[in-house]
Amino acid sequence: WYQRRVREAVVSTQSTGLTIDTQLVIRPINAWVDEKDYKSIRARFVEIGKLIRSTTALLETEQKLDCVEIFLYELEVTYHKICEKISLRFAYECIGLFLYRVIVGWKEPALKEVFHLINRLSRMKERIDKVLFAPHDANLHYQRDIRQFVTEVFLKKATTPHQRSLWLSLVMNMYPENQPRLLFLLYGPLQSHSDGAGLIDWNLLIQCSSFHSKAAYHKLKDLADAIGLILVSPRFSWNNTRFIQFFHEITMTPEPWCLENSAKLMYLLGHETSVKILQNKLLSDKIPEFSHLAFHLAQVSAKNSGECTPDSLHWFINVVMESVSSLSGHHRRNNAIHQMFKAWRENVQSLAEELDDAIEEIEEVRDDLHIAISNLSAVAQILMESAANSASTSHRYYTGNEE
């Protein structure tokens, strides 16, 4: 079958006056693999991609895809050698470099055909199925394999947000009911210790770090960027209900996150998205959830700016005020604010109790308590200044309880 496909490709290229000696192009890579000459290997895969693009420029899409498929089969031995001598991730990177030089300038329908071709040849969906529907702590190395394949072959090589959203939508649309877990699989935090390098850290966000820890910000950024891309991409067209459902599900993956980490994700997603999430809590009459999430969002927003001052909390105040304004009537709005400060008091008391019990982490708990109290003072200052300067009677009444 393989030899027949090669002959068909040769006939196809010869009919257009083109001939490609695949082995002549590929052969030098094998020596470079033995020498671990990464630069030369990458350069040759780029050159092969450019060669395919230039020699098939006048062909129909189907013929171009035939040539891509033949070359991928010709590269199979070299690919396995790279996996054995160097790494699987580097092999995926090389395939991505080749592929992206081939498809420069291709229109969206042709790009979709490329995706389906790679999906078929690599059995990508079958491999994703194996990890997506298994327990989160099973097949960890296979999870790494899938993540590296999708990101190195498709997502990382995308030259524009438009192209990246295309690849992401094609992958995610294969699993309409499991998109939160799939996105976590592709963009969730990775383990940092050497034994687990590259493995997904499913438990990191379940655990609560201290407010002053910036580790979760760094590890959540890729996930936040991906969600942000989805929210602005017309390929997904998520309405508010769909996003709220997604946010709820991903912050329950694989188990409920610590509220502080949910707040960190909200902060990274920005003002508008944070307002949507808090508004949903209020309009769904989930006041306790709103209150405690707002408390953690305050700590996160203040600490991320580098200092706990009134200026550093203006972002948080604006988010809360815009969220609360969605409620009708002074009583409901005042109750929401009252419950938020009640939750603040409960969290401060809890931190104080932890400080009494803390032994090894006493400095960390003391810092958290100091931050929470400082932020409370800063919020009170902002509200009092707002009340003093506001010309609105309703606004003065609204802030009076907090003063």
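The structure this text deals with has already been given above.
Residues numbered from 1 in each chain as written. Predicted model: local features only at pLDDT ≥ 70, side-chain atom pairs only at ≥ 80, totals over all residues. Heavy atoms only, no water.

### Quick look at the overall build of the protein
Thought 1: Each helix and strand counted, the protein has 20 helices and zero strands in total.
Thought 2: The buried share of the protein, reckoned over its 403 residues, is 48%.
Thought 3: When the accessible surface of the protein is summed, it comes to about 19,600 Å², and 51% of that surface belongs to carbon and sulfur atoms. (Helix = DSSP H or I, 4+ residues; strand = E, 2+ residues; numbered from the N terminus. Buried < 20%, exposed > 50% of the residue type's maximum accessible area, 1.4 Å probe, protein only. Areas by Shrake-Rupley, 256 points an atom, 1.4 Å probe, with all protein chains shown as cover.)

### Some details on the state of the cysteines
Here, the word disulfide means a covalent bond between the sulfur atoms of two cysteines.
Thought 1: Tallied over the full model, the rule gives zero disulfides.
Thought 2: C94 carries a free sulfur, and the closest cysteine sulfur to it, the one in C83, is 9.5 Å from it. (Disulfide = S-S within 2.5 Å.)

### Points about the pattern of salt bridges
Thought 1: In the structure shown here, the tally under the stated rule is 15 salt bridges.
Thought 2: Across the salt bridge formed by R44 and E47, the nearest N and O atoms sit 2.9 Å from each other. Here E47 and R44 lie together in helix α3 (residues 38-55), a separation of three residues that amounts to about one turn.
Thought 3: A residue is classified by how much of its surface remains accessible, and E47, at 45% relative accessible area, is partly exposed.
Thought 4: Through salt bridges with shared partners, one network takes in R89, E152, K156 and K157. (Salt bridge = Lys/Arg side-chain N within 4 Å of Asp/Glu carboxyl O.)

### So, the packing of aromatic side chains
Thought 1: Applying the stated criterion across every chain yields a total of 18 aromatic pairs.
Thought 2: Here the aromatic rings of F115 and W167 are separated by 6.4 Å at their centres, their planes lie at 25 degrees, and the arrangement is stacked. With a gap of 52 residues between them, F115 in helix α7 (residues 108-122) and W167 in helix α10 (residues 161-172) connect regions that are remote in the sequence. Of the two residues examined, F115 and W167, each falls in the buried class.
Thought 3: For the pair F133 and Y175, a centre-to-centre distance of 6.1 Å together with 55 degrees between the ring planes defines the contact as tilted. Of the two residues, F133 is situated in the loop between α8 (124-132) and α9 (140-155) and Y175 in the loop between α10 and α11 (179-187); the sequence distance between them amounts to 42 residues.
Thought 4: Judged by its relative accessible area of 53%, F133 is exposed.
Thought 5: Classification of Y175 as buried rests on a relative accessible area of 3%. (Phe/Tyr/Trp six-rings, centres within 6.5 Å; stacked < 30°, edge-to-face > 60°.)

### Quick look at the nonpolar core
The tendency in soluble globular proteins is for nonpolar side chains to be buried side by side.
Thought 1: Counting 110 residues, the largest nonpolar core has W167, L168, L183 and F316 as its most contacted members.
Thought 2: Filtering out sequence-adjacent residues up to four positions away, F316 remains in contact with A294, L297, A298, S301, M340, W344 and V379. (Core = buried A, V, L, I, M, F, W, Y, C linked by side-chain atoms within 4.5 Å. Contact = heavy atoms within 4.5 Å.)

### Some words on the environment of L199
Thought 1: One can find L199 in the loop between α11 and α12 (215-232).
Thought 2: Here the alpha-carbon distance between L199 and L140, two residues 59 residues apart in the chain, equals 6.3 Å.
Thought 3: Non-local contacts of L199, meaning those with residues more than four positions away in its chain, are made with L140, H141, R144, P189, L190 and Q191.

### Some words on the environment of P189
Thought 1: Examined against the element boundaries, P189 turns out to sit in the loop between α11 and α12.
Thought 2: A residue is classified by how much of its surface remains accessible, and P189, at 1% relative accessible area, is buried.
Thought 3: As for P189 and K221, which are separated by 32 residues in sequence, their C-alpha atoms are 8.9 Å apart.
Thought 4: Contact partners of P189, with chain neighbours within four places excluded, come to F184, L199, I200, D201, L204, L205 and K219.

### A short note on the packing of α7 against α8
Thought 1: For the pair α7 and α8, the least separation of the axes is 5 Å and the interaxial angle reads 65 degrees. Touching F115, N119 and S122 of α7 are M124, K125 and R127, all from α8.
Thought 2: Partitioned by chemical class, the residues of the contact of α7 with α8 number two nonpolar, two polar and two charged. (Axes fitted to C-alpha atoms, helices over the stretch in contact; angles between N-to-C directions. Nonpolar A, V, L, I, M, F, W, Y, C, P; charged D, E, K, R; others polar.)

### With respect to helix α4 (residues 61-74)
Thought 1: Between its first and last C-alpha, α4 extends 20 Å over 14 residues, near the 20 Å set by a 1.5 Å rise per residue.
Thought 2: Of the positions making up α4, those classed as buried are K64, L65, C67, V68, E69, I70, F71, L72 and E74. (Expected span 1.5 Å × (residues − 1).)

### Topic: unusual backbone geometry
Thought 1: Here the amide bond leading from T253 into P254 is cis, since omega sits at -5 degrees, within 30 degrees of zero.
Thought 2: Note on placement: P254 falls in the loop between α13 (240-250) and α14 (259-269).
Thought 3: Here S237, not a glycine, exhibits a phi torsion of approximately 50 degrees, which is positive.
Thought 4: By the secondary structure assignment, S237 is in the loop between α12 and α13.

### Examining the packing of helix α6 (residues 88-102) against α9
Thought 1: Across the interface, α6 lies against α9 with an axial gap of 7 Å and an inter-helix angle of 25 degrees. Of the possible angle classes, the one that applies to α6 and α9 is roughly parallel. Relative to α9, α6 is oriented so that their crossing is right-handed. Residues L88, R89, Y92, E93, I95, G96, L99 and Y100 of α6 form the contact with α9, whose own contacting residues are D145, Q148, F149, E152, V153 and F154.
Thought 2: The class makeup of the residues in the contact of α6 with α9 is eight nonpolar, two polar and four charged. (Parallel < 35°, antiparallel > 145°, perpendicular 65-115°, else oblique. Left-handed = near helix turned anticlockwise from the far one by under 90°.)

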